[in-house]
Amino acid sequence: MKNKSRKYNYGECEICNAKLVERQIKQDFWIRGSLVVIDKVPAGVCPRCGAKVVRSQIAKRLAMILASPSEWSKASVISVPVLELRP
């Protein structure tokens with residue numbers, strides 16, 4: 001059995017060099033004009049500047065979810081207001 005209490009070491013932020021902290025985030029993607037949000041994504045988050053990184057295995061899982069219409073059909077759908085910035 002895997003030891004789940006051991007956290008991944010994300011290292012330091014490439015932007016400001018602060019130590020990254022593991023958090024569960026909501027990651028958003030725009031795909032063919034639709035906003036898709038995936039919740040509870042484990043990521044390293046910089047407490048100073050807010051930069052986020054995910055491990056390669058998490059990125060592969062995200063890509064599989066985004067490429068699978070059957071995964072999308074299980075998701076909740078909400079209306080999102082889209083505003084336009086005018087000069």
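Bear in mind that the values here come from a model prediction, so they are computed numbers and not experimental data. (Residues numbered from 1 in each chain as written. Predicted model: local features only at pLDDT ≥ 70, side-chain atom pairs only at ≥ 80, totals over all residues. Heavy atoms only, no water.)

**Focus: the pairing of strand β1 (residues 21–31)**
For a regular strand, the rule is simple: side chains alternate between the two faces of the sheet.
Phase 1: Pairing analysis gives 10 bridges linking β1 to strand β2 (residues 34–45), with the strands arranged antiparallel. Paired with Phe29 across the two strands is Val36, which belongs to β2.
Phase 2: Following β1, the chain reverses through two residues before pairing antiparallel with β2; Arg32 in that reversal takes a positive phi of roughly 45 degrees. (Pairing = 2+ DSSP bridges. Helix = DSSP H or I, 4+ residues; strand = E, 2+ residues; numbered from the N terminus.)

**So, the confidence of the model for the protein chain**
Phase 1: Looking at the protein chain, pLDDT values average 90 and 94% of them are 70 or higher.
Phase 2: The least confident element of the protein chain, judged by mean pLDDT, is helix α2 (residues 69–72) at 78; the most confident is strand β3 (residues 52–53) at 97. (pLDDT = per-residue confidence, 0-100.)

**With respect to the nonpolar core**
Phase 1: One finds Ile25, Ile31, Val36, Ile38, Val41, Ala43, Val45, Ile58, Leu62 and Leu66 forming the largest nonpolar core, which totals 10 residues.
Phase 2: Elements with a minimum of two residues in this core: β1, β2 and α1 (56–66).
Phase 3: When residues of this core are assigned to their parent elements, the largest contribution, five residues, is made by β2.
Phase 4: Not counting chain neighbours up to four residues away, the residues in contact with Val45 comprise Leu20, Val21, Arg23, Ile25, Gly50, Ala51 and Lys52.
Phase 5: Within the second largest apolar cluster, seven residues are counted, among which are Tyr10, Cys13, Leu20 and Cys46. (Core = buried A, V, L, I, M, F, W, Y, C linked by side-chain atoms within 4.5 Å. Buried < 20%, exposed > 50% of the residue type's maximum accessible area, 1.4 Å probe, protein only. Contact = heavy atoms within 4.5 Å.)

**A look at the sheet that holds β2**
Phase 1: The strand order β1-β2-β3 describes an open sheet built from three strands, whose pairing is antiparallel. The open sheet is flanked by β1 and β3, the only strands paired with a single partner.

**As for the pattern of salt bridges**
Phase 1: Inspection of the entire model under this criterion finds two salt bridges.
Phase 2: The residue Glu22 makes a salt bridge to Lys7 at a minimum N-O spacing of 3.9 Å. With Glu22 in strand β1 and Lys7 in the segment before β1, this pair connects stretches of sequence that are 15 residues apart.
Phase 3: For Lys7, a relative accessible area of 59% gives the class exposed.
Phase 4: The shortest N-O distance in the salt bridge between Arg86 and Glu84 comes to 3.7 Å. Across the pair, Glu84 and Arg86 agree in class, each one exposed. (Salt bridge = Lys/Arg side-chain N within 4 Å of Asp/Glu carboxyl O.)

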